Amino acid sequence: MLRVPSTRVSAKVAFILILIFKCTFASENKILEALDGNEAAYVKELLEFVSIPSVSAIPDNQKDILKAADWVKKRLKTAGLQNVRVLENPKGPRPAVYGEFIVDTNLPVALIYGHYDVQPADPVENWSSPPFKPIVKDGAVWGRGASDDKSHLGAIQAVEAMLKIDKTLPLNIKFIIEGEEEIGSPYLEPFLEEYSETLACDFVISADGGQTSETQPSLTLGLRGAAAIEIEITSLNRDVHSGMYGGAVQNPARALIQLLYTMFDPVTNKVLVKDFYKKVRKITPEDRDDILAMNFDDTAELVQAIGALEPLGEEGFSSLERIWLRPTLEIVGIAGGYAGAGIKTVLPATAVAKLAARLVPDQDPKEILALLEAHIQEHHPKACNVTVRELGFKAFPFVTDRNSPVNTAAAKILKEVIGAEPQYVRNGATIPAMAAFQKYLGAETTTLAFALSSDAVHAPNERYSLKQYSTSRVAYVKFLYELGTEIKRGRLKSKNSEGSNAAGASRDSPESDHSEL
Ligand SMILES: *[C@@H]1O[C@H](CO)[C@@H](O)[C@H](O)[C@H]1NC(C)=O
Ligand SMILES: *[C@@H]1O[C@H](CO)[C@@H](O)[C@H](O)[C@H]1NC(C)=O
Ligand SMILES: [Zn+2]
């Protein structure tokens, strides 16, 4: 127990605290006014950024990838960041852009993440205005990438305004804006390994993500991980006549189905692979409260929205529990024999299935792959050759503590700027970057991003509402101040504040020599 020894000391503390809050308040207002006054310029620069067709999926657009990276580099420089540079990826062709502002190496470091690459614009004829000639219409910027994720500009503008007026920041900030998110960040791991020192941080803030709606904020606490395999069964050296050979040899399609059948319980819908659930965490009362607060409507979400005849899944769990908190193993592709029009009577030489698992804490994708392979070795039918191949889709599950100082601060600011208590949500899908930041940087990610489902991301007529754009700037300013307050209260600390290179200011940084204030 810590006790304040005398009233004199506590009065002093109170006085200092009041001063801190007063100063913060004064410059915060000035900054918010400056942001308001600059609105037209911010809209103009989003239009300029969106006009670069930085599509990562199309090799022909590589020059635009580099152009967008250069654009971000210039933008981080004008914002007043230091040590700004384009970081080549050691394995892939799409670089990331880095910039930092190191106030004091003893303070925590926040790494702000976003991406400058975008999805292809196809089908272009479905756009009401050209995807890479963005326009302002109905209070939004329309164009590919306006929301996902060139809207991360809001975070840069917030930091810029703070630096202009305060000449400093409440904590150390690093930006990493990558260029391969829309193709699944295939080279993010070697990148993080190569630059782990440059990117060293205490936590990550993702400027890629969104809110439930303009009036309902949400904070993402977790994502499922992934593991995937392909099973190929071969029992013949060619397709053969089903009358001349049928009944006398193994049929690979039948063998595959028999094998797959051993993996799922048809009554409970549980995965029967031994130890598949062994490391799955128990659902907590808090998790159940989050789910209840969502009012998930099975009929609307599963029957009406996607045409399912009825909800169906692992016995003993509700639909949202199944999607958020339980793992699944799904057959995502299956092939073998003739499935065209009419009939062709063959026994196929081979049959193939692709399986994708979605994982939850504390499952490990490598262990799950080993369990699947062991199951297949043990259960495959006779008289056939079975090949199992790992597919690239592999990620650890991600979960972050709602009560961490950073998540608490984000929740507070979301409530303040959007005007409602945020929902705490999980996501059944996978963002490999979140778990990769945990693994390579030892840092958890909080998402502070303002895209809406009505933005039509990845689809024709993508747009980003100017209101959300402006909210994002205000939220970032308030959030960084809130983190500063948490630091002053001693609730948010740099994990390396004693000793080694806490702020991780890169060794080659000219600023790092005099950043110990
Ligand atoms: C494009 O428009 C056509 C015709 O309206 C529609 O059928 C199709 O679903 C649209 N495609 C996308 C991806 O929106
Ligand atoms: C099955 O595997 C055996 C041993 O590797 C090989 O000799 C045989 O050719 C394979 N048969 C087919 C149909 O792939
Ligand atoms: Zn994105």
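In this report, we go over the structure that sits alongside the text. (Residues numbered from 1 in each chain as written. Chains lettered and ligands numbered in written order. Predicted model: local features only at pLDDT ≥ 70, side-chain atom pairs only at ≥ 80, totals over all residues. Heavy atoms only, no water.)

1. What to know about the side chain of Ser147
Of note, Ser147 is situated in the loop between strand 5 (140-142) and helix 4 (153-166). Judged by relative accessible area, which is 2%, Ser147 ranks as buried. Side-chain polar atoms of Ser147 contact the side chain of Asp455, separated by 2.8 Å. With residues up to four places along the chain from it excluded, the contact list for Ser147 reads Ala451, Asp455, Val457, Glu462, Arg463 and Tyr464. (Helix = DSSP H or I, 4+ residues; strand = E, 2+ residues; numbered from the N terminus. Buried < 20%, exposed > 50% of the residue type's maximum accessible area, 1.4 Å probe, protein only. Polar contact = N/O pair within 3.5 Å; in protein donor to acceptor, adjacent residues only side chain to side chain. Contact = heavy atoms within 4.5 Å.)

2. Observations regarding the environment of Thr198
Within the secondary structure, Thr198 sits in the loop between helix 5 (188-194) and strand 7 (203-206). What makes Thr198 buried here is its relative accessible area of 10%. Along the sequence, Thr198 and Ile229 sit 31 residues apart, while their C-alpha atoms lie 35 Å from each other.

3. Brief notes about the site of ligand 1
Near ligand 1 the following residues occur: Pro123, Asn126 and Pro460. Here an oxygen atom of ligand 1 and a side-chain polar atom of Asn126 are 2.3 Å apart. With the chains in place, 25% of the 370 Å² that ligand 1 exposes on its own is no longer accessible. (Near = heavy atom within 4 Å. Areas by Shrake-Rupley, 256 points an atom, 1.4 Å probe, with all protein chains shown as cover.)

4. Here we look at the sheet that holds strand 7
Pairing within the open sheet is mixed, and its six strands lie in the order 1-2-6-3-7-17. Looking at which strands have only one partner, the edges of the open sheet turn out to be strand 1 (82-87) and strand 17 (444-447). Pairs of neighbouring strands in the sheet enclose a mean axial angle of 20°, with direction left out of account. Of the strand pairs in this sheet, strand 7 and strand 17 are connected by four bridges, and their pairing is parallel. Within the sheet, the bridge partner assigned to Val204 lies in strand 17 and is Thr445. (Pairing = 2+ DSSP bridges. Axes fitted to C-alpha atoms, helices over the stretch in contact; angles between N-to-C directions.)

5. A look at unusual backbone geometry
Backbone phi values are negative for most residues with the exception of glycine, while trans is the configuration of most peptide bonds. In this chain, Asp148 is followed by Asp149 through a cis amide linkage whose omega measures 0°. Relative to the assigned elements, Asp149 resides in the loop between strand 5 and helix 4. The step from Pro361 to Asp362 runs through a cis peptide bond, and the omega angle for that step is 0°. For Asp362, the location among the structural elements is in the loop between strand 13 (350-359) and helix 10 (365-379). Phi is positive for Asp275, close to 70°, though the residue is something other than glycine. Mapped onto the secondary structure, Asp275 falls in the loop between helix 6 (252-261) and helix 7 (285-294). On the accessibility criterion, Asp275 (37% relative accessible area) is partly exposed. Located in the positive-phi region is His458, a residue other than glycine, with phi close to 70°.

By themselves, these are just geometric observations and shouldn't be taken as functional.
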